[in-house]
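Chain by chain, the residues:
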Amino acid sequence: NRPDWCISRQRSWGVPITIFSCKKCGEYLMDKSLVDYVAGIIDKKGADVWFTEDSKKLLPDGTKCPKCDSEEFRKEKDILDVWFDSGVSQAAVLRTRPDLRWPADLYLEGSDQHRGWFQSSLLASLGSGSDMPYRSVLTHGFVVDGEGKKMSKSAGNVIAPQEVIGKHGAEILRLWVSAEDYKEDVRISSEILTRLIEAYRKIRNTCRYLLGNLYDFDPDFHFSEEGLLEIDRWALARLQRLTAKVQKGYRDFEFYTIFHSIYNFCTVDMSATYLDILKDRLYTFRADSPERRSAQWTMYKILTTLTKLMAPILSFTAEEVWRYIPPKDPVEKKSSAADSAHRDEESVFLSKFPQVEEKFLNDSFEQKWQRFLQIRDEVNKALETARKNRLIGSSLEADVSLHLSEELYKLLSPYKDFLPTLFIVSGVSIKTDTRGPQGAFVSEEVDGLNVFVNKAEGNKCERCWNYSVDIGKDKGHPTICPRCIGALR
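Thresholds, definitions, all that
- Residues numbered from 1 in each chain as written.
- Predicted model: local features only at pLDDT ≥ 70, side-chain atom pairs only at ≥ 80, totals over all residues.
- Heavy atoms only, no water.
- Helix = DSSP H or I, 4+ residues; strand = E, 2+ residues; numbered from the N terminus.
- Rg over C-alpha atoms; globule rule 2.2 N^0.38 Å.
- Buried < 20%, exposed > 50% of the residue type's maximum accessible area, 1.4 Å probe, protein only.
- Contact = heavy atoms within 4.5 Å.
- Core = buried A, V, L, I, M, F, W, Y, C linked by side-chain atoms within 4.5 Å.

## A closer look at the overall build of the chain
- When helices and strands are counted, the chain shows 17 helices and 14 strands.
- For 489 residues, the compact-globule estimate of 2.2 N^0.38 gives 23 Å, and the chain exceeds it by more than 25% at 35 Å.
- Along the first, second and third principal axes, the C-alpha atoms of the chain reach 120 × 55 × 45 Å.
- Looking at the chain as a whole, 43% of its 489 residues are labelled buried.
- By sequence separation, contacts in the chain at least 24 residues apart represent 69% of the contacts at least 6 residues apart.

## Examining the nonpolar core
- If you look at the biggest cluster of nonpolar residues, it comprises 91 residues, and the most contacted ones within it are Ile 262, Tyr 274, Ile 375, Leu 402 and Phe 423.
- Every residue in contact with Ile 262, bar those within four places of it in the chain, is listed here: Ile 203, Leu 242, Val 246, Leu 306, Leu 309 and Met 310.

## Overview of the environment of Thr 434
- Inspection of the secondary structure puts Thr 434 in the loop between β10 (427-431) and β11 (441-442).
- Residue classification places Thr 434 among the partly exposed positions, given a relative accessible area of 35%.
- The spatial distance from the C-alpha of Thr 434 to the C-alpha of Gln 370 is 21 Å, given a sequence separation of 64 residues.
- Apart from the residues lying within four places of it in its own chain, the contact partners of Thr 434 are His 403, Leu 404, Ser 405, Gly 448 and Asn 450.

## With respect to the environment of Ile 79
- Inspection of the secondary structure assignment puts Ile 79 in strand β4 (residues 79-80).
- Spatially, the C-alpha atoms of Ile 79 and Ser 8 are 5.4 Å apart, while their sequence positions differ by 71 residues.
- If we skip the residues at most four places from it in the chain, Ile 79 touches Ile 7, Ser 8, Arg 9, Arg 11, Trp 13, Gly 14, Val 15, Pro 16, Ile 17 and Phe 51.

In structure tokens, the structure reads:
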């Protein structure tokens, strides 16, 4: 049933079929001891001896044809098919080297090997009475240019790996490999690399921001998880979802899902949401306040986990970040943060791979916060409209009133004091009048939500940039708001 694959080829080089035939009657020598004898010679002198030595030097003295007693023999000139040759490598290599084991964990090759190495290994192993020679196989497409054309020097569309490394660094090449779905042919071009460079910068800058806000954080700081703010719990829940996705991606060899998951986490969950909302707490609250320490404790967890998750792909970047993470024992801190080790692990590659912390997962809690963020997106649309109409510049110049359905009012009212932080505005009021004033933004995504944007009253606080009508009432601090005065005192 396999007309396209045979056991031998007519070549004058390769791995020989060690068999002799009688020159007189054509009878084959089928004695296993003779094959073992030749194998012993080849083991000492190499396979080329079959082509350089005469038959008599490859057989024991006195060997005779079992049919006609002739002592003249002809060597077989055909060689083993190259696929058969590679197909028995699992026995020749895995079964003989003590540092390896049989069967192999994985066979990795291009898609043309389904009827090549993968199948020849399977046939040779099963045919010799063994089981499958591998636990799994993984195939990949071929590298083509950005238009899907085969690369060739004559076409001038070849992009060599060393060229990418020399121009952009090994991290970009690693990122490209991980970002592509190798189940199809893999495309590479200058445009594709440019997009990945930008993606790399966003991942790297997320790590830099997290590191920059841990400069005064002591990992040995005793912090009770009960003291976490809800938005910190949301960020940690997103981190667990990321960890689960990345674990599955590595386990299933779906590396492109790892890249996209980490990239989306950095750009959407972190930069555009959590870290954006966090700035006020990090920069304006008292340095050792429970709220700021809650943020730093959360950021520390995120950074250490994120660094470990990306380490198999962005190896150099992960190791660089790891050296700057504050060490756990403050006594062991060195003069340069770059020289310090995190905890007692000198390298990120000596640390344990992160596991999902189920205690931070709660479906109903995450759904509630997904609702909050959906409302935030709608408020941002209203703020953008106000900005285009030149009513406001920065979002902190705005005072927002939300006109809500009873269901939304019930959802948001316990969080009334947090809403200005969530929306990054100077003030928020909530009302159960769904119609709202004329000119209000009517949400098409969230039923029962109208948003009206006013210019905030009062003056701008020099410290937190929020607007307040109480600025100037304290003669000792005439240019900052009461909240900042409390933080300074």
